[in-house]
Amino acid sequence: MARPVIDIRGIHRIFESDAGFAHVLHNITFSVRPGEFVAITGPSGSGKSTLMNILGCLDTPTSGTYLLEGLNVAELVDDELAEVRATRIGFVFQSFNLLPRMSVLDNVMLPLAYTQAPRFQREMMAVHALQAVGLPVDHYDHRTNELSGGQMQRVAIARALVNDPAIILADEPTGNLDSHTGRMVLETFHKLKDTGKTIVLITHDSHVAAEADRIVSIRDGRLYHEDTSGIISTTGGGR
Amino acid sequence: MNARDLLREAVRALEANKGRSLLTILGIVIGIASVIAMTSLIGGVRNNLVSGLGLNAARLVYISAASTMNQDTVDDLKAVMPSYEAIEGTAMSYTQKKVNDKDISISITGASNQYYEMTGQLKLVEGRLFSQQEESADARVCIIERNGIKMLFGDPQASVVGRTVELDGRDYLIVGVSESQYPSEDYMQAYFPMGTVLNDFNQGDEYLSQVIGLVREGEDVDAVMSETITKLATIMGYSEDEAQDMIYCYSMKSSIDSLNSFMMSFQLIMGAVAGISLLVGGIGIMNMMLTNVTERIREIGIRRALGATRRDITAQFLTESAALCVTGGIIGTIAGFAIAWGLATVASSMDLTSSMGTSGVITPLISPQTILLAVGLSIGIGLVFGYYPARRAAKLDPVECLRYQ
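Remember, it's a predicted structure, so these values are computed and weren't measured experimentally.

## Section: the confidence of the model for chain B
With 96% of its residues at a pLDDT of at least 70, chain B reaches an overall mean of 87. The complex model carries a pTM of 0.71, and its ipTM stands at 0.89.

Take a look at the structure:
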């Protein structure tokens, strides 16, 4: 069996503040296979965003291991984590998080500015990514605030793809879209999955979660596994 | 991020807030303009003095006496004053010449080549100085000023070296042309060997109009002047009491020292203005960059999520700060030169340096060093005052930034 792309074991995340300690994640263990489409669901405050931040190397766990394509990212320092984010992870955010001062093409090229790729190569890669999400060529020079919500999310997906990442992490990607546009975005994810991309998607919407190969739900910082037939198992399943 | 990308991002950021950027850099503009105006104006004044007075100006001593001096007096003084590198006399006269019904006034100066070289009075543009043979033979040769060409020959572009000019019924061979000290339509200067003037224009009178000494480098000019009075009094037969009344020495040094002192005061004042402006400007830059950081917290989070390191964020904001200051520096440099030109024009019209024997026209000095100073200062201010906001931006937690509304 192929090595998991994501393999996290015994992850705990505890936040310290003046008010005391907040134990947000408890002994999280799960893995994602290459090419799998996994949805993480849970109510507000369940810890899913914290888990997403750890998966995306924006945060480090208090304890436990996190192997991303075999690399133990839990032990990396800040600059190393930045490099992992630039080369192995693609983010898609709920509110798109595109830079309004920049054109569509410049937004998609942005992750590559933090690699050694020369500019002409970056432009080529950005154009390929935009073609993959089906954005018309005449939109490439537009400012992102001139686009519709669906188009902006497609640009955001192209930006997530441009560095050919190991995983795409999508945080409520359809949250700010109408149902029709949201459907289009999910179809884009399916197309990417068909090309072999590994996708981890956070959503509170059960209909969106049902699009995934596998659902994991998180409640009170603990993980529960469900497959698409509705069978629930606790932490440790899904491999 | 590479340098080109950083610059591109910086320009994009400045363009997004043109009005605010312009207001912020005002302090930098004023500070740099002050520095440029001061250095280029002072450089221009110094150049004016050096070109007008010659490099030796501070070491020249003008010697005059109640009774007249001749070449023997000069030779006797040379023998007892080793502190002088050279002592030369000059004989002056005056004549008029009618050319095409127009009267031309000609000031006649007779002196040795050494006199002309040590005073820098004669700036050759064509031809040569007198030969030793011509000096010894009191030859009828001369050097005329450039403005005299048109007056004497009708065509200002005429080539006159090798031609003759008739003065007081005598023909003089023109061997050289010099810059015009005081350009005029009906007045010119002509230079001759000393003996030629004494014989032809002063009716054989041996007496010198002026004696000038060049003090050796390292000697105290004031002490040499004092000694000159004493020694010359002895040579001319004056008593100690009479010496101070009968013999007078003057040096440009005191005037130059006064001017230097004035320029230093001017420099201090302008430097204070520049320093305060740059400090205020720098604080304004820091304030604007801190505001930028706050406004772009979410952008910082996005960039960090996409792979920017803390160093990338620091470099980005530092580049923006430096670009802002360099823009201010460029505007300030242009404004500074304009101010210098304006002040130079006013000073020239007031003829401030003519009392020191130079032409009143002052040209501000525009040198690569001055421009480099402006650019260097601008970049330095941008980096110093932009560092704190840049580090603040870099230390922000990306998760918190992405949550920021």
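On we go.
## Considerations on a negative patch on the surface
Residues and elements named next belong to chain B. On the surface, a cluster of negative charge is made up of Asp72, Asp75, Asp76, Asp205 and Glu206. Of note, aspartate 205 is situated in the loop between helix 8 (194-200) and strand 9 (210-215). Of the residues examined, aspartate 205 reaches a relative accessible area of 36% and is grouped as partly exposed.

## Some words on unusual backbone geometry
Residue and element names in this part refer to chain B. Even without being a glycine, asparagine 100 presents a positive backbone phi close to 50 degrees. Summarising the element assignment, asparagine 100 is placed in the loop between strand 2 (84-99) and strand 3 (102-110). Classification of asparagine 100 as exposed rests on a relative accessible area of 73%. Within the chain, aspartate 138 stands out as a residue other than glycine whose phi angle is a positive 50 degrees. Position of aspartate 138 among the secondary structure elements: in the loop between helix 6 (132-136) and strand 5 (141-145).

## A word on helix 4 (residues 119-132) of chain A
Here helix 4 of chain A is 14 residues long and its end C-alpha atoms lie 20 Å apart, about the 20 Å a rise of 1.5 Å per residue gives. Inspection of helix 4 of chain A places Arg122(A), Ala126(A), Ala129(A) and Leu130(A) among the buried residues, and these make up the whole buried set. Seen from one end, helix 4 of chain A has its buried residues packed into an arc of 95 degrees, which puts them on one side. Contacts from the buried residues of helix 4 of chain A go to helix 3 (104-109) and helix 5 (149-161) of chain A together with helix 1 (3-16) of chain B. Within two residues after helix 4 of chain A, Gly134(A) carries a phi angle of roughly 80 degrees, on the positive side.

## Describing the environment of Val104(A)
Residues and elements named next belong to chain A. If you trace the backbone, valine 104 turns up in helix 3. The class of valine 104 is buried, set by a relative accessible area of 0%. For valine 104 and alanine 86, which are 18 residues apart along the polypeptide, the C-alpha to C-alpha distance reads 19 Å. Ignoring anything within four residues of it in the chain, the contact list for valine 104 reads Leu130, Leu135, His139, Tyr140, His142, Thr144, Leu147 and Val155.

## Regarding the nonpolar core
Ile6(A), Phe30(A), Leu51(A), Leu55(A) and Tyr66(A) are the most contacted members of the largest nonpolar core, which has 71 residues in total. The biggest single contributor to this core is helix 13 (residues 310-349) of chain B, with seven residues. Those residues in contact with Ile6(A), other than ones at most four positions away along the chain, are Phe30(A), Ser31(A), Val32(A), Leu55(A), Tyr66(A), Leu67(A), Leu68(A), Ile167(A) and Val200(A). By size, the runner-up hydrophobic cluster in this structure holds 45 residues, among which are Ile63(B), Val165(B), Ile174(B) and Ile229(B).

## Points about the UniProt feature "transmembrane region" (unreviewed entry) in chain B
Residue and element names in this part refer to chain B. Sites flagged by UniProt as "transmembrane region" (unreviewed entry) map to residues 21-42, 268-290, 321-346 and 366-388. Between the end C-alpha atoms of residues 21-42 the distance is 31 Å, and the span holds 95% helix and 0% strand. For residues 321-346, the helix share is 100%, the strand share is 0%, and the end-to-end C-alpha distance is 37 Å.

## Notes on the packing of helix 4 (residues 71-80) of chain B against helix 9 (residues 221-236) of chain B
A pair of packed helices can be characterised by two numbers: the angle between their axes and the separation between those axes. Residue and element names in this part refer to chain B. Across the interface, helix 4 lies against helix 9 with an axial gap of 10 Å and an inter-helix angle of 130 degrees. With respect to helix 9, the axis of helix 4 lies oblique. Here the hand of the crossing between helix 4 and helix 9 comes out right-handed. Taking contact as the criterion, the partners of Thr73, Asp76, Leu77 and Val80 in helix 4 are, on helix 9, Glu227, Thr228, Lys231, Leu232, Ile235 and Met236. Counted by class, the contact of helix 4 with helix 9 contains five nonpolar, two polar and three charged residues.

## As for the packing of aromatic side chains
All names here are of chain A. One pass over the structure, following the stated rule, counts nine aromatic pairs over all chains. Centre to centre, the rings of phenylalanine 37 and phenylalanine 189 are 6.5 Å apart; their planes meet at 50 degrees, and the pair counts as tilted. Highlighted residues: phenylalanine 37 in strand 3 (residues 37-41) and phenylalanine 189 in helix 6 (residues 179-194), separated in sequence by 152 residues. For phenylalanine 37, a relative accessible area of 1% corresponds to the buried category. Take phenylalanine 189: its relative accessible area is 0%, and that puts it in the buried class.

Conventions adopted
- Numbers given for residues are sequential positions, taken from 1 along each chain in its written order.
- Throughout, the order in which chains and ligands are written sets their labels, letters from A for the former and numbers from 1 for the latter.
- Note on the predicted model: pLDDT of at least 70 is required for a residue's local features to be given, and 80 or more for side-chain atom pairs to be given and counted; whole-chain, interface and lining totals, by contrast, use all residues.
- Hydrogens and water molecules were not included; the side-chain quantities draw on all heavy atoms of the structure.
- As a per-residue quantity, pLDDT reports the predictor's confidence and falls between 0 and 100.
- For patches, a residue must show more than 30% relative accessible area and have no salt bridge; joins then use 9 Å for like charges and 5 Å for nonpolar side chains, namely Val, Leu, Ile, Met, Phe, Trp and Tyr.
- For the accessible areas, the method is Shrake-Rupley and the probe is 1.4 Å, while residue cover comes only from the protein chains on display.
- Only one rule defines a salt bridge in this text: a Lys or Arg side-chain nitrogen within 4 Å of an Asp or Glu carboxyl oxygen.
- Lys and Arg are tallied as positive, Asp and Glu as negative. Neither His nor the chain termini are counted.
- Note that the charge is assigned to NZ on lysines, CZ on arginines, CG on aspartates and CD on glutamates.
- Numbering of helices and strands runs from the N terminus; a helix is a DSSP stretch of H or I covering at least four residues, while a strand is a stretch of E covering at least two.
- Burial status follows relative accessibility: with a 1.4 Å probe on protein chains alone, a residue under 20% of its type maximum counts as buried, one over 50% as exposed, and anything between as partly exposed.
- Multiplying one less than the number of residues by 1.5 Å gives the expected span of a helix.
- Taken from the helix axis, the directions to the C-beta atoms give the arc we talk about.
- Should any heavy atoms of two residues lie within 4.5 Å, those residues are counted as being in contact.
- We define a nonpolar core as any set of buried Ala, Val, Leu, Ile, Met, Phe, Trp, Tyr and Cys residues linked to one another through side-chain atoms lying within 4.5 Å.
- UniProt positions are given in the numbering used here, feature names are shortened, and annotations may be inferred rather than shown by experiment.
- Under this scheme, a helix contributes an axis fitted over its contacting stretch, all axes are lines through C-alpha atoms, and angles between N-to-C directions fall in the 0 to 180 degree range.
- Angles below 35 degrees are treated as roughly parallel, those above 145 as roughly antiparallel, those between 65 and 115 as roughly perpendicular, and all remaining angles as oblique.
- Each helix crossing is assigned a hand: it is left-handed if the near helix lies turned anticlockwise from the far helix by less than a right angle, otherwise right-handed if that turn is clockwise.
- Charged means Asp, Glu, Lys or Arg here, nonpolar means Ala, Val, Leu, Ile, Met, Phe, Trp, Tyr, Cys or Pro, and polar covers whatever is left, Gly included.
- Each Phe, Tyr or Trp ring, with Trp reduced to its six-membered ring, pairs with another whose centre is within 6.5 Å; inter-plane angles below 30 degrees give stacked pairs, above 60 give edge-to-face pairs, and intermediate values give tilted ones.

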